[in-house]
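# Working through the structure, step by step
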Amino acid sequence: MKKSLILGSLAVALLMVGCSQKSGVDTSGEQTSMTRQDVSQAYTSGRDNFVNIEERIQYVEGNLQNVFFDFDQFIIRADMQNAVDNDANILKDSSAMPLNVRVEGNTDEWGTDEYNYALGLKRAVAVKDALVARGVSDSRIVLVSYGESKPTCIEKTRECWAENRKVTFKMLP
């Protein structure tokens, strides 16, 4: 089961990963290229003129912050409250309104698979509850736990394990 979950997660991740540059067409009909910085600058200058949904997703995801947790905990740390506040503000902004968000719980490699999936889900629920308390509509939030199956760091160090104990976000059309 773990193997199929990992393979399924990998397939979804590969399908959702896009290029760092998106092409658009300017008014003269010429192809242009917009980077994440261009998209961010276009929005922060007061325009909501994303060329397509991928650019909107890229902008919103680029401004969301991961929420990190202590070992074996699912209570949001005091030093992560500003990140949750930032994420709530981004998700309530008009740029994110047409999108849903997948809140992804992750753990380090310590513990059984079952325990880590449960802990990842508890972390995702804690962040969802905090976002809803700050005004984000719960109908726009989808929860998933990856447990230890999607590490961002694979070294066998305390710092690396701490990097994997988090909630991340993926915007969905």
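Scroll up a little and you will see the structure.
Residues numbered from 1 in each chain as written. Predicted model: local features only at pLDDT ≥ 70, side-chain atom pairs only at ≥ 80, totals over all residues. Heavy atoms only, no water.

### Notes on helix H3 (residues 53–63)
In an α-helix, one turn spans 3.6 residues, which is why side chains three or four residues apart end up on the same side. For H3, the set of buried residues is Glu55, Arg56, Ile57, Gln58, Tyr59 and Val60. Its side-chain oxygen placed 3.2 Å from the backbone nitrogen of glutamate 54, asparagine 52 serves as the N-cap of H3. (Buried < 20%, exposed > 50% of the residue type's maximum accessible area, 1.4 Å probe, protein only. Helix = DSSP H or I, 4+ residues; strand = E, 2+ residues; numbered from the N terminus. Polar contact = N/O pair within 3.5 Å; in protein donor to acceptor, adjacent residues only side chain to side chain.)

### Observations regarding the nonpolar core
A general tendency of soluble globular proteins is for nonpolar side chains to be buried together. Counting 28 residues, the largest nonpolar core has Val60, Val67, Ile76, Val127, Leu131, Phe169 and Met171 as the members making the most contacts within it. When residues of this core are traced back to their parent elements, those giving at least two are H3, strand E3 (67–68), helix H4 (81–92), strand E4 (100–106), helix H5 (113–133) and strand E6 (166–172). Here this core gets five residues from one element, more than from any other, and that element is H5. Non-local contacts of isoleucine 76, meaning those with residues more than four positions away in its chain, are made with Val67, Phe69, Gln81, Val84, Ala126, Val127 and Ala130. (Core = buried A, V, L, I, M, F, W, Y, C linked by side-chain atoms within 4.5 Å. Contact = heavy atoms within 4.5 Å.)

### With respect to the side chain of threonine 168
Note on placement: threonine 168 falls in strand E6. By relative accessible area, threonine 168 is classed as buried at 14%. A polar contact of 2.8 Å, which involves the side chain of threonine 168, links it to the side chain of glutamate 104. Leaving out residues up to four positions away in the same chain, threonine 168 has contacts with Asn66, Arg102, Val103, Glu104 and Asn106.

So yeah, pure geometry; function would need other evidence.
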